[in-house]
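Residue-level listing of the chains:
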Amino acid sequence: MSHSSEAAPSPAFLAEETRRYHHFITLALWLAVITGAEIVLIFLPVPMPVVLTVLTLMSVGKFFAVILWFMHLIYDKRLLLWIFVAALALVCATFAGLLALLSADRIDTKWFS
Amino acid sequence: MSDTAVAHEAPTSTGIDHKKLIMWLFLASDCMFFGTLISTHLLYRKLYPAGFTDAEGHQRFIQNLFNIELTSFSTFILLMSSFLMALAVSAMHKGQIKSFRRNVLGVIFFGLIFLGCQVFEFTHFYHEGLTIQNSVLGSTFYVLTGTHGTHVAIGVLWLILMYFYSFTGKLGGHMGALDVEVAGLYWHFVDIVWIIIFTAVYLVEYLGPNGFWGTGLPAVTK
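Source: prediction; values computed, not measured. (Residues numbered from 1 in each chain as written. Chains lettered and ligands numbered in written order. Predicted model: local features only at pLDDT ≥ 70, side-chain atom pairs only at ≥ 80, totals over all residues.)

Of regular secondary structure, chain B possesses six helices and two strands. Expressed along its principal axes, the backbone C-alpha trace of chain B runs to roughly 70 × 35 × 30 Å. Within chain B, the fraction of its 222 residues that count as buried is 41%. (Helix = DSSP H or I, 4+ residues; strand = E, 2+ residues; numbered from the N terminus. Buried ≥ 20, exposed ≤ 12 C-beta atoms within 10 Å, placed from the backbone.)

Below, the structure written as structure tokens:
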């Protein structure tokens, strides 16, 4: 990924960077297409659960595409991926916890008094 | 992991440059921060779906306030800025400083457009009666999108400084490329947060005749 300050980039390194360059262009096109599809989708006469599921999948797909390619996680050490996945797991757990707490029909206030 | 990725890394115990590792740890913590803000917004939309009351006392719904064309445009702009940032990092790794400058200028320009759209949107909402104080919706919406906007503004400032720093001749070699890569990680993170906000905050409001959360009003029976 990186090269020393003294040495010029090797041909293999430049070939790898060029390959990634083409990946970035392809990914940018896909991100634009998916975003356009999301906007069209919300105005189509499709049942709400279907739209919501597809929207969620598209967003998650875009999210991970940017993380893996633009942020180089697919090329970097696995440790960085696990650090971020751990944070995402905590986010999901927080959301689930808040949802369970705030969706409770009855909260026994004696525990807070 | 590619072979080129490890060929010239600094000798650290993890095999990862310290700056990059620290940035990823920061992004992980920022991810939890934004996760909490987004969760709070969604849960309060569920609990208080009624929207807000404007200065004249009229009940208003957020679906009628959002401008999906504007938000879609700013989303597209942010996605393309992320693409340009990836090209800037790639150019820096290849030692192509002029290409780096061109791409970073593009990122700065797109970032400023995004911020302009957000300022326009906030001003419009404020004049329509949605303030940070008059409803739960206003509080969670402005705090969430405002925090994201602040992140974008910090990213733009960082890149402007990096652009001018590149003319000193000190932004080169391995450490220069690493500095640009770390700035790029931050910018991409801002982009992925907006990907989630765009769907969870904006698009869901257009699902169904009254939005995903409904109006909070009793159903009218004929």
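Further notes follow.
So, on to the overall build of chain A. Looking only at helices and strands, chain A has three helices and zero strands in total. If you list the helices and strands of chain A from N to C, you get α-α-α. Taken over 113 residues, chain A has a buried fraction of 23%.

We now examine the domain arrangement of chain A. Looking at the assigned domains, one finds that chain A contains domain 1 (8-71) and domain 2 (76-104). A separation of 22 Å is found between the C-alpha centroids of domain 1 of chain A and domain 2 of chain A. (Domains from an automatic or database assignment.)

Taken together, the 49 residues of chain A in the interface contact 51 residues of chain B. Contributing elements (two or more residues each) for the side of chain A that touches chain B: α1 (11-41), α2 (48-70) and α3 (78-102) of chain A. For the side of chain A that touches chain B, the per-class residue count stands at 35 nonpolar, seven polar and seven charged. (Contact = placed C-beta atoms within 7 Å. Nonpolar A, V, L, I, M, F, W, Y, C, P; charged D, E, K, R; others polar.)

Once that is clear, we can look at helix α6 (residues 173-202) of chain B. Helical periodicity: at 3.6 residues per turn, an α-helix aligns residues three or four positions apart in one direction. The end-to-end C-alpha distance of α6(B) is 42 Å, a good match for the 44 Å that 30 residues give at a rise of 1.5 Å each. Counting buried positions along α6(B) gives 24 out of 30 residues, so the element sits mostly inside the fold. (Expected span 1.5 Å × (residues − 1).)

Given a rise of 1.5 Å per residue, 25 residues ought to cover 36 Å, and the 36 Å separating the end C-alpha atoms of α3(A) matches this to within 8%. Buried residues of α3(A): L80(A), A87(A) and V91(A), and no others. In the core, the buried residues of α3(A) are packed alongside α2 (18-47) of chain B.

Core analysis: the biggest nonpolar cluster contains 76 residues, and A88(B), V107(B), V180(B) and I197(B) have the highest contact counts within it. Those elements that provide at least two residues to this core are α1, α2 and α3 of chain A together with α2, α3 (68-93), α4 (97-128), α5 (136-165) and α6 of chain B. The greatest single-element share of this core, amounting to 18 residues, is contributed by α6(B). Structurally, this core is a two-domain feature, drawing no fewer than three residues from each of domain 1 (8-71) and domain 2 (76-104) of chain A. Residues within four places of V180(B) in sequence aside, it is in contact with A88(B), V89(B), M92(B), F100(B) and M162(B). (Core = buried A, V, L, I, M, F, W, Y, C linked by C-beta atoms within 7 Å.)

Before going further, it helps to spend a moment on unusual backbone geometry. Residue and element names in this part refer to chain A. Its identity as a non-glycine residue notwithstanding, H72 has a phi of 65°, on the positive side. Summarising the element assignment, H72 is placed in the loop between α2 and α3. A count of 23 C-beta atoms within 10 Å places H72 in the buried class.

So, about the confidence of the model for chain B. Residue and element names in this part refer to chain B. In this model, chain B carries an average pLDDT of 88, and 91% of its residues clear a pLDDT of 70 or more. A low-confidence stretch, residues 1-7 stays under pLDDT 50, and its non-local contacts, those more than four residues away or across chains, total 14 contacts. Note on the complex model: pTM 0.87, ipTM 0.83. (pLDDT = per-residue confidence, 0-100.)

Glancing now at the packing of α1(A) against α3(B). Close contact between α1(A) and α3(B) brings their axes to 10 Å; oriented N to C, the two are set at 175°. Here α1(A) lies roughly antiparallel to α3(B), going by the angle between them. Where α1(A) approaches α3(B), its residues E17(A), R20(A), Y21(A), F24(A), A28(A), L31(A), A32(A), T35(A) and I39(A) are matched on the opposing element by I68(B), S72(B), T75(B), F76(B), L79(B), M80(B), F83(B), A86(B), L87(B), S90(B) and H93(B). Taken together, the residues that form the contact of α1(A) with α3(B) break down as 13 nonpolar, five polar and two charged. (Axes fitted to C-alpha atoms, helices over the stretch in contact; angles between N-to-C directions. Parallel < 35°, antiparallel > 145°, perpendicular 65-115°, else oblique.)

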